[in-house]
Amino acid sequence: MDKKIYITTPIYYVNDIPHIGHAYTTIAADVLARYYKSQNKDVFFLTGTDEHGAKIAEAAEEAGKKPKEFVDSLVPRFEKSWENLNIKYDAFIRTTDTKHEEVVKELVEKLKEKGFVEKRSYEGLYCVGCERYLKEDELVDGKCPDHDKEPIKQSEENYFFLLSKFEDKLKKAIDAGDYEIAPKSRKNEVLGKLEQGLEDVSISRAAVEWGIPFPDDPEQTIYVWIDALINYYSAQKIFDQENIWPPTIHLMAKDILWFHAIVWPALLMALDMELPKKVFAHGFFTIDGKKMSKSVGNVLDPNLMVEKYGADAVRYALLREFPFGEDGDISEEKIAQRYNSELASGLGNLVSRVATMVEKYFLSQIPEIDKDPETHPLRTDSERFTWKDAYKQADEAIENVELHQYCQAINQFITTADKYIDETKPWALAKDDKKDELAWVLYGLCDSIHQLAWLVYPVMPDVSKKIAKAFKIDDLLLEKLDIKKSYQNIKSKTKIEKPEPLFPRLDK
Ligand code: MSP
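Residues numbered from 1 in each chain as written. Predicted model: local features only at pLDDT ≥ 70, side-chain atom pairs only at ≥ 80, totals over all residues. Heavy atoms only, no water.

Enquirer: Is there a simple way to think about the sheet that holds strand β6 (residues 152-161) in this case?
Expert: Strand pairing within a sheet occurs via backbone hydrogen bonds; the two strands may be parallel or antiparallel. What the four strands build is an open sheet, ordered β5-β4-β6-β8; its pairing is antiparallel. Each edge of the open sheet carries a strand with a single partner, namely β5 (132-134) and β8 (201-202). With ten bridges joining them, strand β4 (residues 117-127) and β6 adopt antiparallel strand pairing. Looking at the pairing, E118 lines up with F160 of β6. (Pairing = 2+ DSSP bridges. Helix = DSSP H or I, 4+ residues; strand = E, 2+ residues; numbered from the N terminus.)

Enquirer: Help me understand the site of the ligand in this model?
Expert: The environment of the ligand is formed by 24 residues, the closest being I11, T25, D50, A253 and D255. Contact between the ligand and I11: a nitrogen atom at 2.8 Å from a main-chain N or O atom of the residue. D255 is positioned such that a nitrogen or oxygen atom in its side chain is 2.8 Å from an oxygen atom of the ligand. Among the elements of the structure, β1 (5-13), α1 (20-38), α7 (224-229), α8 (231-238) and β12 (249-253) are those that each provide at least two residues to the shell around the ligand. Ranked by residue count, the leading element in the shell around the ligand is β1, at four residues. Per-class residue counts for the shell around the ligand are 14 nonpolar, eight polar and two charged. (Near = heavy atom within 4 Å. Polar contact = N/O pair within 3.5 Å; in protein donor to acceptor, adjacent residues only side chain to side chain. Nonpolar A, V, L, I, M, F, W, Y, C, P; charged D, E, K, R; others polar.)

Enquirer: Before we go on, may I ask you to explain the pairing of strand β2 (residues 43-50) in this structure?
Expert: The side chains of a regular strand alternate, first on one face of the sheet and then on the other. Most of β2 is tucked away, with eight of its eight residues classed as buried. Where β1 and β2 come together, seven bridges link them in parallel fashion. Across the sheet, the residue bridging to I11 is G48, located in β2. Crossover connection from β1 via α1 to parallel β2: handedness right-handed. As judged from the four bridges shared by β2 and strand β3 (residues 91-94), these two strands associate in the parallel manner. Paired with L46 across the two strands is A91, which belongs to β3. (Buried < 20%, exposed > 50% of the residue type's maximum accessible area, 1.4 Å probe, protein only. Right-handed = clockwise from strand over helix to strand, strands pointing away.)

Enquirer: Where do I start with empty space enclosed by the protein in this structure?
Expert: If a probe the size of a water molecule is rolled over the atoms, the empty space left behind becomes visible. Under the definition given, this model contains two cavities of 30 Å³ or more. Lining the largest cavity are G53, A54, Y126, E131, R205, V208, W210, G211, T221, I222, Y223 and V224. Of the residues contributing to the lining of the largest cavity, the split by class is seven nonpolar, three polar and two charged. Of the pockets and cavities examined, the second largest cavity occupies roughly 40 Å³. Contributing to the lining of the second largest cavity are L107, V108, L111, I226, I230, L267 and L271. Here the residues of the lining of the second largest cavity sort into seven nonpolar, no polar and no charged. (1 Å grid on protein atoms, 1.4 Å probe; cavity = no way out; pocket = protein on both sides within 12 Å on 5 of 7 lines; lining within 4 Å. Points joined across faces, edges and corners; volume = space filled by probe spheres on them.)

Enquirer: Quick question: what am I supposed to make of the environment of P501 here?
Expert: Inspection of the secondary structure assignment puts P501 in the segment after α19 (483-489). When its relative accessible area of 59% is taken as the criterion, P501 is described as exposed. Put simply, P501 and D327 are 174 residues apart on the chain and 34 Å apart in space, counted from C-alpha to C-alpha.

Enquirer: Can you help me understand the nonpolar core in this one?
Expert: Side chains of a nonpolar character, in soluble globular proteins, are inclined to be buried together. Ranked by internal contacts, the top residues of the largest apolar core, which has 177 residues, are F161, L347, L445, M460 and F471. Considering every element that reaches this core, the biggest residue donor is helix α16 (residues 435-456), with 14 residues. Contacts of L347, omitting those with residues within four sequence positions, involve E342, I414, L452, V456, M460, V463, I467, L502 and F503. Counting residues in hydrophobic clusters, the runner-up holds six residues, among them L125, C127, C130 and L139. (Core = buried A, V, L, I, M, F, W, Y, C linked by side-chain atoms within 4.5 Å. Contact = heavy atoms within 4.5 Å.)

Enquirer: Looking at this model, I keep getting lost on the side chain of N158. Mind explaining?
Expert: Looking at the element boundaries, N158 is found in strand β6. Within the structure, the side chain of N158 is placed 2.7 Å from the side chain of E156, a separation counted as a polar contact. Apart from the residues within four sequence positions on either side, N158 is in contact with E118, K119, R120, Y133, S202, S204, R205, A206 and Q220.

Enquirer: When you look at helix α14 (residues 403-424) in this model, what are you seeing that I'm missing?
Expert: Since the α-helix turns once every 3.6 residues, residues separated by three or four places project in the same direction. The end-to-end C-alpha separation of α14 is 32 Å, in line with the 32 Å expected for 22 residues at 1.5 Å each. Once α14 ends, the next one or two residues include K425, with phi positive near 45°. (Expected span 1.5 Å × (residues − 1).)

Enquirer: Teacher, can you tell me more about the packing of α14 against α16 here?
Expert: Two quantities define a packed helix pair, namely the angle between the helix axes and the distance between the axes. Orientation of α14 relative to α16, taken along the N-to-C sense of each, is 170°, at an axis distance of 11 Å. Considering the angle they form, α14 stands roughly antiparallel to α16. Contact residues: α14 offers Y406, I410, F413, I414, A417, Y420, I421 and T424, while α16 offers W440, V441, L445, S448, L452, L455 and V456. (Axes fitted to C-alpha atoms, helices over the stretch in contact; angles between N-to-C directions. Parallel < 35°, antiparallel > 145°, perpendicular 65-115°, else oblique.)

Enquirer: Is there a simple way to think about the packing of helix α13 (residues 387-399) against α14 in this case?
Expert: Running from amino to carboxyl end, α13 crosses α14 at an angle of 170°, the nearest separation of the two axes being 7 Å. On the basis of the axis angle, α13 is roughly antiparallel to α14. On the side of α13, the interface is formed by W387, A390, Q393, A394, A397 and I398, while α14 contributes L403, Q405, Y406, Q408, A409, Q412 and F413. Taken together, the residues that form the contact of α13 with α14 break down as nine nonpolar, four polar and no charged.

Enquirer: I tried to follow the pattern of salt bridges on my own but got confused; where do I start?
Expert: In total, this model carries 36 salt bridges according to the counting rule given. E374 is the partner of R379 in a salt bridge, and the nearest nitrogen-oxygen pair spans 3.2 Å. Among the ionic pairs, E497 bridges to K469, the shortest N-O distance being 3.9 Å. Here the residue E497 occupies a position in the segment after α19, and K469 occupies one in helix α17 (residues 461-470), the gap between them amounting to 28 residues. Members of the salt-bridge network, linked through shared partners, are E51, K68, D72 and R94. (Salt bridge = Lys/Arg side-chain N within 4 Å of Asp/Glu carboxyl O.)

Enquirer: Looking at this model, I keep getting lost on the environment of E209. Mind explaining?
Expert: Here E209 shows up in the loop between β9 (204-205) and β10 (213-214). You can call E209 exposed: its relative accessible area is 77%.

Enquirer: Would you mind going over the domain arrangement of the protein chain with me for this structure?
Expert: Many descriptions give the size of an interface as the accessible area lost when the pieces come together. As assigned here, the protein chain comprises domain 1 (4-283) and domain 2 (331-487). Taking only C-alpha atoms into account, the centre of domain 1 sits 41 Å from that of domain 2. Listed as interface residues are 16 residues of domain 1 and, on the opposing side, 17 residues of domain 2. Together, the buried faces of domain 1 and domain 2 total about 1500 Å²; carbon and sulfur atoms form 59% of this surface. Taken as a group, R34, Y35 and S38 account for 37% of the area that domain 1 buries against domain 2, more than any other trio of residues on that side. The interface formed by domain 1 and domain 2 contains zero salt bridges. The tally of links between domain 1 and domain 2 comes to three residue pairs in polar contact (both at pLDDT 80 or more). (Domains from an automatic or database assignment. Buried area = accessible area lost by both parts, 1.4 Å probe.)

See below:
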């Protein structure tokens with residue numbers, strides 16, 4: 001059996017309901033997964049929840065619930081949000097799953113056996129929000145800059161993983177490209193930090209009860225980050241996946257890149273396991289220029305956005321807004337703007353305009369032509385950004401994980417098609433009774449709509465299906481699409497339907 005493409009998101013802390021930041025990464029992973037699936041590749045797309053540790057225990061206490069009861073009440077909120085956003089993962093992992101807990105214990109045991117674990121006393125500044133010790137130089141005015149809170153001074157006897165032993169091996173592996181850290185700018189940041197030297201990391205907590213018991217020492221629990229990282233590995237056992245290792249891509253934001261680009265590969269090296277192929281960190285976004293936080297009151301609820309704009313528009317608008325990999329800003333207003341300018345007035349309008357003209361001039365049938373469709377200017381034209389160019393850009397966008405470029409390819413082709421309509425003026429051709437020219441123009445536009453159905457599928461799966469339904473594209477093919485098949489699929493004289501509005505007018 002061939003190795004599957006294995007795509008992961010971080011497993012999110014269930015101390016609260018999911019916000020738009022979690023949605024961003026999960027949408028991105030879904031776009032990659034849908035793209036590869038639509039190319040007939042075997043894919044395993046994993047997401048899930050990180051359910052142990054001090055942060056969760058504190059949140060549970062605040063809610064007046066037992067930790068397990070608390071996480072059980074929140075997990076469905078994540079599942080529901082992902083469903084609302086048209087996210088189709090293959091498996092959802094929870095770190096409180098007993099099978100996961102067993103694998104974590106097994107691996108920690110192995111680390112001990114291999115001599116990579118030592119017990120030491122440690123004193124440091126712990127940030128519960130980050131679930132890690134911070135260094136003095138990471139603090140801003142004595143506070144954790146990410147959580148705006150003073151870390152707690154803690155001294156404990158802990159078990160340590162001898163991370164420092166892996167400094168050279170990690171450098172070599174990164175240099176040799178054994179695993180890729182992307183984008184390049186983030187890779188350089190990681191390398192820069194690596195140059196400053198590696199310290200061993202604590203992998204147990206004495207003061208935290210809500211966690212997996214440390215092997216042979218019931219006084220300690222396994223540090224939540226070690227527990228969490230191992231989810232990528234334990235998923236194989238939990239979901240009976242034999243051919244997914246090593247992971248193709250771990251997706252996350254820059255906040256947790258260090259754990260994925262350094263701690264995780266070192267753990268795998270210690271365990272003689274193959275390293276992930278790629279670790280990709282996208283940027284962090286602000287909302288209306290401000291850090292998203294409960295106290296500022298600017299936390300965007302993805303479900304609310306879906307209610308207002310629809311899942312597909314939210315997916316598109318988020319990925320389109322700024323380069324994937326860089327920091328950026330989003331706001332509801334920006335989502336609404338994209339909705340109006342590029343989706344309602346762009347894609348939606350184009351599809352409905354073409355369908356209306358085919359209805360009016362050709363009794364809803366895709367026109368017959370007497371020229372080679374390959375020569376149609378919407379398909380082959382060095383002066384225009386044709387649908388073939390759009391595909392090329394989209395494929396490259398996936399290859400380089402530049403998801404904004406994927407959305408841009410869609411939008412740019414829509415602009416081409418709109419411009420083509422303005423130039424060729426089908427209504428004038430109809431008036432002058434230039435039937436052949438009119439057929440040629442509208443055939444090319446129908447062909448373009450077909451292609452758009454395929455092209456938009458990974459980002460906007462529902463919209464894609466609606467277009468497919470109206471333009472009579474085999475729905476099943478859409479799930480496993482193949483550009484060559486879709487190209488053959490367009491047939492003159494096929495009777496099309498008026499599509500339902502793809503992006504209805506927004507109620508003010
Ligand atoms: N539980 C750990 C991850 C363990 S993975 C083995 C964790 N959880 S988290 O809930 O804090 O999620 C962090 C991730 O959420 C980020 O890496 C990113 O994927 C997403 N984002 C959270 N806020 C975000 C923004 N403001 N902007 C972009 N992504 C954001 O860390």
